[in-house]
Amino acid sequence: MEFSIKSGSPEKQRSACVVVGVFESRKLTLPAELLDKAGGGYIGDIIRRGDMEGKSGTTLLLHNVPGTLCDRVLLVGLGKEKDFREKEFGQAIRTAVKTLNETGAFDASIFLTELAVKKRDVAWRIRQTTIIALDATYRFDQFKSKKDEVRRPLRKLTLGVERRNELTLAEEALAQGQAIAEGMALAKDLGNLPPNVCNPAYLATRAQAMAGELGLNCEILERADMEKLGMQSLLSVANGAHQPPKLIVLGYQGARSGEKPLVLVGKGVTFDTGGISLKPAAEMDEMKYDMCGAASVLGTILAVARMKLSLNLTVIIPATENMPGGNATRPGDIVTSMSGQTIEILNTDAEGRLILCDALSYAERFEPDTVIDVATLTGACVVALGGIASGLFANKDGLARDLLEAGDEAHDRAWHMPLWDDYQELLKSPFADMANIGGRYGGAITAACFLSRFTKKFDWAHLDIAGTAWKSGADKGATGRPVPLLTHYLLQRAGKLN
Ligand code: BES
Ligand code: MN
Ligand code: ZN
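Residues numbered from 1 in each chain as written. Chains lettered and ligands numbered in written order. Predicted model: local features only at pLDDT ≥ 70, side-chain atom pairs only at ≥ 80, totals over all residues. Heavy atoms only, no water.

It is not clear to me how the site of ligand 1 should be interpreted in this structure. Could you clarify?
Around ligand 1 lies a shell of 16 residues, among which Lys279, Asp290, Asp349, Glu351 and Gly379 are the nearest. Between an oxygen atom of ligand 1 and a side-chain N or O atom of Glu351, the distance comes to 2.8 Å. When the free accessible area of ligand 1 is taken as 510 Å², the share hidden by the protein chains comes to 77%. In terms of residue class, the shell around ligand 1 is built from five nonpolar, four polar and seven charged. (Near = heavy atom within 4 Å. Polar contact = N/O pair within 3.5 Å; in protein donor to acceptor, adjacent residues only side chain to side chain. Areas by Shrake-Rupley, 256 points an atom, 1.4 Å probe, with all protein chains shown as cover. Nonpolar A, V, L, I, M, F, W, Y, C, P; charged D, E, K, R; others polar.)

Pasting the structure below:
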């Protein structure tokens, strides 16, 4: 979709559709009022007749509204004015874009972007609108022989701003929104791909292609390289798989070379059967999404490179399948991680932490400023937080605070969970330095505690995205989360937010 920014009156737009908002109890927003005045009360009359009450989620499409230069006017219900906040703003944009996609209009001028949202400025409104519009029109149909084509899809969206002096800020926000949405689309595509296509080698190839296109550094470590580094924990997960594991490293340099990089580590289990601790059959297909951490860090570095942020960013992806087989790791096996710490593997389905711990040890060599790992790590996190918030853990409170704030701003929220020492006891093993599971309770926390034993040398945060990375059910699909959270954090770090 093509985007542009414009400041001007709605009645003077020569577009196929002009979109304005109406609050509940039939109160017109300013752009709707301007259209009403230009048309001699035409819109007000329709509203008084009760065809549009302004309830959230409702729309009314009007044709040939007098006094306007556009073909159509789309009224969008905004709910009660006193309740209108970030969430309602996002819902209104989503409803508008979905509806526009179903009308005959190829282009539209949207004036909902002029609505005041508490604590948020014009840049936020433009960025969010762009992200939501592209998210709402995302499709994944490359494996359908007959695509369900949209009859006349929306091709061009003009975003209204109230004042001319907001144009520069809005243009920059638009570019940011497009970069973030592109990163999300990449994350969604990789997540949605079937696991026979999206395997470790495929992820490596895509990373190399990105490096070529964006001018990133790229290094792929093979099994032999990992053996030399002593990554026995990571390799123990790959034992049962026929597909060879890969450790993917991508580097973006946007600041001087001496500046310490931020490092993102993404769990890249391209299919998680559980291994010998085999998962039940129901919904096992969804374990193709077990590489969504990897997909999200790739999406984030893509967005960062597109925005040319002035910081250094390194992405590390341990990629493997988790399969059963004659050579697979057994419950009871003890492995030595790259850090030298030994691990008794009591459940081969707790494989995410086993690949992440070696990737986190590997991160040390980049002398990182901060390390954030992203992983579909535990079913327990889904039980705790559902699909609304990602679980956030950190060994530094300031880092947790910054990430929570970035999530709020992006409306891609996380919730801070405890990482107290008291939980560490649950990982005791009679035979090794630690076990890879912590028992029935507090599973998201004990998984994070396990990782914390490999992150003593740097500021570190962990995002458990098991509940937020994809949706199940009728609208099954990857969400692209937490690309918005991560990119907003990095925008903040690069001094590009407020
Ligand atoms: N990839 C799963 C976590 C997961 C499960 C994400 C369901 C989303 C939905 C992870 O590898 C896993 O299997 N974790 C186990 C850990 C347990 C054995 C301690 C889990 O959560 O059941
Ligand atoms: Mn597992
Ligand atoms: Zn897993």
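I tried to follow the packing of helix H5 (residues 167-192) against helix H9 (residues 292-307) on my own but got confused; where do I start?
Packed helix pairs are characterised by how far apart their axes lie and by the angle those axes make with each other. Relative orientation of the contacting elements H5 and H9 amounts to 155 degrees, with a least axis distance of 8 Å. Comparing the axis directions of H5 and H9 gives the class roughly antiparallel. Where H5 crosses over H9, the handedness of that crossing is right-handed. When H5 is examined against H9, the residues Gln176, Ala179, Ile180, Glu182, Gly183, Leu186, Ala187, Leu190 and Gly191 are found in contact with a partner set consisting of Cys292, Ala295, Ser296, Leu298, Gly299, Leu302, Ala303, Arg306 and Met307. A per-class count over the contact of H5 with H9 returns eleven nonpolar, five polar and two charged. (Axes fitted to C-alpha atoms, helices over the stretch in contact; angles between N-to-C directions. Helix = DSSP H or I, 4+ residues; strand = E, 2+ residues; numbered from the N terminus. Parallel < 35°, antiparallel > 145°, perpendicular 65-115°, else oblique. Left-handed = near helix turned anticlockwise from the far one by under 90°. Contact = heavy atoms within 4.5 Å.)

What should I look at first to understand unusual backbone geometry in this one?
As a rule of thumb, non-glycine residues mostly have phi less than zero, and peptide bonds are mostly trans rather than cis. Along the chain, Arg481 connects to Pro482 via a cis peptide bond; the corresponding omega equals 0 degrees. The topology assignment puts Pro482 in the loop between strand S21 (477-478) and helix H14 (483-493). Notably, Ser25 is not glycine yet its phi reads approximately 65 degrees, a positive angle. Tracing the backbone shows Ser25 in the loop between strand S2 (17-23) and strand S3 (27-28). You can call Ser25 exposed: its relative accessible area is 66%. (Buried < 20%, exposed > 50% of the residue type's maximum accessible area, 1.4 Å probe, protein only.)

Help me understand the pairing of strand S12 (residues 312-322), please; the structure alone is not making it clear to me.
On a regular strand, each side chain points to the face opposite its neighbour's, so the side chains alternate between the two faces of the sheet. Counting buried positions over the eleven residues of S12 gives eleven, a clear majority of the element. A two-sided burial pattern is seen for S12, the buried positions comprising Asn312, Thr314, Ile316, Pro318, Thr320 and Asn322 on one face and Leu313, Val315, Ile317, Ala319 and Glu321 on the other. Summarising the sheet, strand S9 (residues 246-253) and S12 pair through eight bridges and their orientation is antiparallel. Bridged to Gln253 within S12 is Asn312. (Pairing = 2+ DSSP bridges.)

I keep staring at the coordination of the zinc ion (ligand 3) and nothing clicks. Help me out?
Metal coordination angles in their ideal form are 109.5 degrees for the four-donor tetrahedron and 90 or 180 degrees for the six-donor octahedron. With distances of 2.0 to 2.4 Å, the protein atoms coordinating the zinc ion (ligand 3) are Lys267 (NZ), Asp272 (OD), Asp290 (OD) and Glu351 (OE). For the zinc ion (ligand 3), the six donor atoms in the first shell make angles of 78 to 176 degrees at the metal, a pattern classed as octahedral. Sequence spacing of the donor residues for the zinc ion (ligand 3), all on one chain, is K-x4-D-x17-D-x60-E. (Donors = N, O, S within 2.8 Å, 3.2 Å for Na, K, Ca; no water. Tetrahedral: all angles 85-135°; square planar, octahedral: opposite > 155°, others 65-115°.)

Can you walk me through the environment of Ala211 in this structure?
Summarising the element assignment, Ala211 is placed in helix H6 (residues 200-214). When its relative accessible area of 8% is taken as the criterion, Ala211 is described as buried. Those residues within four positions of Ala211 in sequence are excluded, and the remaining contacts are Leu216, Cys218 and Leu250.

Looking at this model, I keep getting lost on the domain arrangement of the chain. Mind explaining?
Interfaces are frequently sized by the accessible area removed from exposure as the parts join. If you check the domain split of the chain, you get domain 1 (2-160) and domain 2 (180-493). Put simply, the middle of domain 1 and the middle of domain 2, counted by C-alpha atoms, are 38 Å apart. In this assembly, 13 residues from domain 1 lie in contact with 16 residues from domain 2. At the boundary of domain 1 with domain 2, total buried surface from both sides reaches about 1,200 Å², with 59% on carbon and sulfur atoms. Taken as a group, Ile131, Tyr138 and Phe140 account for 39% of the area that domain 1 buries against domain 2, more than any other trio of residues on that side. At the surface where domain 1 touches domain 2, the tally comes to three salt bridges. Taking the shortest distance from any N to any O, the salt bridge between Asp135 and Lys188 comes out at 2.4 Å. Counting every contact that joins domain 1 to domain 2 gives five residue pairs in polar contact (both at pLDDT 80 or more). (Domains from an automatic or database assignment. Buried area = accessible area lost by both parts, 1.4 Å probe. Salt bridge = Lys/Arg side-chain N within 4 Å of Asp/Glu carboxyl O.)

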